[in-house]
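So the chains spell out like this:
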Amino acid sequence: MSDLPGRFRELWDGIAPVGRDADSGGYLRYALTAPELRLREWFRAQADHRGMPVSEDGNGNLFAWWGDPTGTRDSSTQDRDGPTRGGAVLTGSHFDSVPHGGAYDGPLGIVSAFLAVDELRAARATPVRPVVVAAFVEEEGARFGVPCLGSRLLTGEIDVDRAAGLRDAAGVSFAEALGHRPAGADPALLGRFAAFVELHVEQGRALVDADAPVAVASAIWPHGRWRFELRGEGNHAGTTRMADRRDPMLTFAFTVLAANKEARLRGAHATVGRVAVEPNATNAIPSKVTGWLDARAAEPETLHDLVEAVQAKAAERARRDGTALTVTPESTTPLVAFDGGLAGRLASLLAAPVLPTGAGHDAGVLAAHLPTAMLFVRNPTGVSHSPAESATDDDCAAGVVALARVLEELACH
Ligand code: HGY
Ligand code: MN
Ligand code: MN
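One structure accompanies this document, and this report is about it.

About the cut-offs
- Residues numbered from 1 in each chain as written.
- Chains lettered and ligands numbered in written order.
- Predicted model: local features only at pLDDT ≥ 70, side-chain atom pairs only at ≥ 80, totals over all residues.
- Heavy atoms only, no water.
- Helix = DSSP H or I, 4+ residues; strand = E, 2+ residues; numbered from the N terminus.
- Rg over C-alpha atoms; globule rule 2.2 N^0.38 Å.
- Buried < 20%, exposed > 50% of the residue type's maximum accessible area, 1.4 Å probe, protein only.
- Contact = heavy atoms within 4.5 Å.
- 1 Å grid on protein atoms, 1.4 Å probe; cavity = no way out; pocket = protein on both sides within 12 Å on 5 of 7 lines; lining within 4 Å.
- Points joined across faces, edges and corners; volume = space filled by probe spheres on them.
- Nonpolar A, V, L, I, M, F, W, Y, C, P; charged D, E, K, R; others polar.
- Expected span 1.5 Å × (residues − 1).
- Near = heavy atom within 4 Å.
- Polar contact = N/O pair within 3.5 Å; in protein donor to acceptor, adjacent residues only side chain to side chain.
- Areas by Shrake-Rupley, 256 points an atom, 1.4 Å probe, with all protein chains shown as cover.

Now for the overall build of the chain. Looking only at helices and strands, the chain has 13 helices and 15 strands in total. Scaling as 2.2 N^0.38, a compact globule of 413 residues should have a C-alpha radius of gyration of about 22 Å, and the chain matches this with 22 Å. Based on the C-alpha atoms only, the size of the chain along its principal axes is roughly 80 × 40 × 40 Å. When each of the 413 residues of the chain is scored for burial, the buried share is 54%. Restricting to contacts in the chain with at least 6 residues of sequence separation, those with at least 24 account for 77%.

Here it is, written out as structure tokens:
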């Protein structure tokens, strides 16, 4: 087989229109909504076309198996630097997007995984362990609020009742969207995987600067989401004297500025990208403002101090504004240091740079349970979670070649 960039484009074009918003050019592929369900059907068709049986874990995560889905882990040969004999090598990513997200964040890892299987088969590689392509559900948390929901359920890192009861903006629960209560942790299935390698578009410009198409990940910054609810007194915009107001929008505005300042002071990242205002009327002082703080830092202590500082400043301002503040952590992800032996082995295999990232991934959740690595593919704009995210077909083909080499290394010896 030749013309890998052309074959990448052909496969890519099969999903490119799904969930694309004509005005923004971005994607609205929320978990278990029509566009994402179409992509899941596409996944099943691609697996079927390759003779790969598909299993589902009861949490909404899909697995397409090249090899025997019943192979088990043999702990007697467990090796932190690579897969265990008999265990399967897992790859893949997610289909869901943030609102008006880019094309590559998630789907690139799934499309590349199927193409890497094709490459290995064309090269007549003979895996001694199954190679499994995964599509994890609700990685972004854009619909139900908790990122990496599918991988958290599979690994038991979220309480099943809590996950089942998470609701989207229309009030639909995750269990309702899934069609049943999620099954939760599946140690037997997890035990069948000896290693996980997630390929992902880079969400920054490090590979542009390094002049390289592919990198290996070293770490994921600890990060989380905190919901700040601010309650005041709804009232008339024209008749309420300025001195008499209890306006939660003021507390909110101050909190956003404080988050930005406190993050800059620490070399950390803080973002308030989502806000809900009640009643959301031009001529009414709001009764309630809810803002979501996304905070990330290189070290857990810095993240902790940052969130404490923002909360303290918001609370102080709420006192002055006569508003009430409640802060609820919605999700937290600890520092992930990817398996050093595996990352080093893949970096020398691919002669690729090694980079940390501030973005979360299912690989970050699975890393606590099995040897895990990530590959990043260059993104010329460096922009992500936006329609401006990009990758060239040549770089995507380089990513497929790199992933195929990694799968050959981990599954064929
Ligand atoms: O938000 C994140 O870090 C990721 O892209 N899910
Ligand atoms: Mn993302
Ligand atoms: Mn992603």
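Attention now goes to empty space enclosed by the protein. Per the counting criterion, the structure on display carries one cavity of 30 Å³ or more. Considering only enclosed or pocket space, the largest cavity measures out at about 60 Å³ in volume. Around the largest cavity sit F228, L230, F252, T255, V256, A259, V272, G291, W292, L293 and V310, which together line it. In terms of residue count, helix α9 (residues 248-266) provides more of the lining of the largest cavity than any other element does, four residues in total. Among the residues making up the lining of the largest cavity, the classes are represented as nine nonpolar, two polar and no charged.

Another aspect to go through is helix α3 (residues 107-122). Counted at 1.5 Å a residue, the expected span for α3 with its 16 residues is 22 Å, and the 23 Å between its end C-alpha atoms agrees. Within α3, 13 of the 16 residues are buried, which leaves the element mostly enclosed by the surrounding structure. Two residues or fewer past α3, R124 is found with a positive phi of approximately 55°.

On to the site of ligand 1. Taken together, E139, E140, Q203, R296, A359, G360 and H385 make up the full set of residues near ligand 1. E140 is positioned with one of its side-chain polar atoms (N or O) 3.0 Å from a nitrogen atom of ligand 1. G360 has a polar backbone atom sitting 2.6 Å from an oxygen atom of ligand 1. Contact with the protein chains removes 94% of the 210 Å² of surface that ligand 1 exposes when unbound.

Further remarks concern the layout of surface pockets. Each pocket or cavity is described by its volume, and for the second largest pocket that value is around 180 Å³. Around the second largest pocket sit 18 residues that line it, and V336, G364, V365, A367 and A368 are the ones nearest its centre. Secondary-structure elements contributing two or more residues to the lining of the second largest pocket are β12 (324-333), β13 (336-337) and α12 (362-366). Its residues placed into classes, the lining of the second largest pocket shows 10 nonpolar, four polar and four charged.

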